[in-house]
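Topology and contacts: notes
Okay, here's what each chain looks like letter by letter:
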Amino acid sequence: MEKDNENREVYNMCQAVREWAEEERSIGADERTRTIVRNMLMRGMADDVIMAIAECDQDLIDKMRKTL
């Protein structure tokens, strides 16, 4: 947050939009990873293969396995 000439707090709207867009992309990427992991689990793929392809950790695989 920045201050204007009168010491009031102002928002840099361009920066705010960039941050919002990055957050949205990150959320979308997380959802895609979960979908990929879920699909691979349903096909019986080994955890080490899932981690290598989906670039995730064992915790995510374990969590996703509980949802099946």
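Report on the accompanying structure. (Residues numbered from 1 in each chain as written. Predicted model: local features only at pLDDT ≥ 70, side-chain atom pairs only at ≥ 80, totals over all residues. Heavy atoms only, no water.)

**Here we look at the pattern of salt bridges**
- A full pass over the atoms with the stated rule returns 4 salt bridges.
- Its salt-bridge partner being Glu6, residue Arg8 comes within 3.6 Å of it at the nearest N-O pair.
- Given the relative accessible area of 58%, Glu6 is considered exposed.
- Put simply, Arg65 and Asp62 hold a salt bridge, and the shortest N to O gap is 3.6 Å. With Arg65 and Asp62 both in helix α3 (residues 58-67), this residue pair falls 3 residues apart, about one helical turn.
- What makes Asp62 partly exposed here is its relative accessible area of 31%. (Salt bridge = Lys/Arg side-chain N within 4 Å of Asp/Glu carboxyl O. Buried < 20%, exposed > 50% of the residue type's maximum accessible area, 1.4 Å probe, protein only. Helix = DSSP H or I, 4+ residues; strand = E, 2+ residues; numbered from the N terminus.)

**Comments concerning the packing of helix α2 (residues 47-54) against α3**
- At a minimum axis separation of 10 Å, α2 and α3 run at an interaxial angle of 115 degrees. Accordingly, the angle class assigned to the pair α2 and α3 is roughly perpendicular. Once α2 is placed against α3, the crossing between them reads as right-handed. Counting all contacts with α2, which are made through Asp47, Ile50 and Met51, the residues of α3 involved are Gln58, Ile61 and Arg65.
- The residue makeup of the contact of α2 with α3, split by class, is 3 nonpolar, 1 polar and 2 charged. (Axes fitted to C-alpha atoms, helices over the stretch in contact; angles between N-to-C directions. Parallel < 35°, antiparallel > 145°, perpendicular 65-115°, else oblique. Left-handed = near helix turned anticlockwise from the far one by under 90°. Contact = heavy atoms within 4.5 Å. Nonpolar A, V, L, I, M, F, W, Y, C, P; charged D, E, K, R; others polar.)

**Overview of the environment of Ile53**
- With respect to the secondary-structure elements, Ile53 resides in helix α2.
- C-alpha of Ile53 to C-alpha of Thr33: the two residues are 20 residues apart in sequence and 9.9 Å apart in space.

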